[in-house]
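A closer look at the structure
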Amino acid sequence: MTVAHAASQPPPIVLSFAASDPTGGAGLQADILTLASLGCHPLSVVTAITVQDTAGVEAVLPIDAAWVADQARALLEDMPVAAFKLGMLGSVEVIAAIAEVISDYPDIPVVLDPVLASGRGDQFADEEMIEAMIGLLLPQTTLLTPNSLEARRLAQEMGEDAGHEPDLAGCARRLIDAGCEYVLVTGTHEGTPQVINTLYGSHGAVRTDRWDRLPGSYHGSGCTLASAIAAHFASGVDVAEAVMGAQEYTWRTLAAGFRPGMGQFIPDRLFWSRDEDEEGTS
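For the structure given in this document, a descriptive report is provided here. Just so you know, the residues in each chain are numbered from 1, in the order the chain's sequence is written. Confidence filtering applies because this is a predicted model: local features only for residues at pLDDT of at least 70, side-chain atom pairs given and counted only at 80 or more, and all residues used for totals across whole chains, interfaces and linings. Neither water nor hydrogens contribute to the side-chain values; these are computed over all heavy atoms in the structure.

Here the focus is the pattern of salt bridges. The salt bridge definition used is simple: a Lys or Arg side-chain nitrogen within 4 Å of an Asp or Glu carboxyl oxygen. On inspection of all chains with the given rule, the structure shows five salt bridges. For Asp-209, the salt bridge is made with Arg-207, and the minimal N-O distance between the two is 2.8 Å. Taking the relative accessible area as the measure of exposure, Arg-207 reaches 24% and is therefore partly exposed. Arg-274 is the partner of Asp-268 in a salt bridge, and the nearest nitrogen-oxygen pair spans 2.7 Å. Note on classification: 1.4 Å probe, protein chains only; a residue is buried when its accessible area is under 20% of the maximum for its type, exposed when over 50%, partly exposed between these limits.

Glancing now at the environment of Ser-37. Secondary structure elements are defined from DSSP: runs of H or I of at least 4 residues count as helices, runs of E of at least 2 residues count as strands, and each element is numbered from the N terminus. Among the secondary structure elements, Ser-37 is positioned in helix 1 (residues 27-37). Separated by 235 residues in sequence, Ser-37 and Trp-272 place their C-alpha atoms 8.7 Å apart. Those residues within four positions of Ser-37 in sequence are excluded, and the remaining contacts are Tyr-249, Arg-269, Leu-270 and Trp-272. Separated by 3.2 Å, the side chains of Ser-37 and Tyr-249 make a polar contact. Only heavy atoms matter for contacts: two residues are in contact if any of them lie within 4.5 Å across the pair. Pairs of N or O atoms are called polar contacts if they sit within 3.5 Å, as long as, within protein, a hydrogen donor faces a hydrogen acceptor (for residues adjacent in sequence, only side-chain-to-side-chain pairs).

A few words on a negative patch on the surface. What goes into a patch is any residue over 30% in relative accessible area without a salt bridge, connected to like charges within 9 Å or, for nonpolar side chains (Val, Leu, Ile, Met, Phe, Trp, Tyr), within 5 Å. Areas reported as accessible are Shrake-Rupley estimates using a 1.4 Å probe. Residue values count occlusion only from the protein chains shown. In this charge count, Lys and Arg are treated as positive and Asp and Glu as negative; neither His nor the chain ends contribute. Where a charge sits is defined by one atom per residue type, namely NZ (Lys), CZ (Arg), CG (Asp) or CD (Glu). A contiguous patch of negative charge on the surface is contributed by Glu-93, Asp-126, Glu-127, Glu-128 and Glu-131. For the negative patch, the element with the highest residue contribution is helix 4 (residues 127-137), accounting for three residues. Within the fold, Asp-126 resides in the loop between strand 5 (110-112) and helix 4. Asp-126 gets classed as partly exposed once you look at its relative accessible area, which sits at 42%.

Looking now at the sheet that holds strand 1 (residues 13-20). Following DSSP output, two strands are said to pair if at least two bridges run between them. One open sheet accounts for nine strands, arranged 3-2-1-4-5-6-7-8-9; its pairing is mixed. What marks the edges here is a single partner per strand, and that holds for strand 3 (57-62) and strand 9 (204-212). In this structure, strand 8 (residues 194-201) lies alongside strand 9, joined through eight bridges in antiparallel fashion. Pairing of Leu-199 across the sheet is with Arg-207, part of strand 9.

Shown next, in the form of structure tokens:
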């Protein structure tokens, strides 16, 4: 039997550069789940392989930079990509390779999640990698999505006053001065009653959103948020609306999160499908 394919537009395509996470909580697996959940077709370039569980990361094996570039170029020469999402990149060489690849596509928006450490504190980026990120990727970044700890660390690497810790608005200003268009600083790690996330542009704060602080610790919340923003960009949504929609989606994945192992909770990126199932059986 022959199946006729409808001559319709494909879903928006997003290319993610990230490390593989065998738990499915973060990394490429989180990006793929999020992008598919939000109606995009995910493409994936593996930047590193990890040994990890829901408690933390035991080892990271970066992929050869030439392999990373080859993976990306094969996809980009075949399919129209509407947005890039960058996560954990693995090495200075990989950062340089990705920077070179995306420089050939200046019209495609770039969402960079600067993954510097795991929730447990496992370090993923040394000073050399952070310098490469700042010098090679930030000037090509549409939206940077650091948590408050990452924002401070990146800003301190750029500041001459190494002994002084700038406030989050000051951190965002430094990061924008380094070349990225927007910075969304998330407040999960701050001691506030609510989680306060602020989007900054070249003229200061664009929007501030407050979310009920959920109990527990989550593995992959940052990946989910950055991928959700990329999905909204790929669908043609402007920055402020994309940030709002992605936050709402991410909060709902966390509220529906589950704890499959002995470590952190994992966001449920397909919460809506289970909601529909429950409605159908009620």
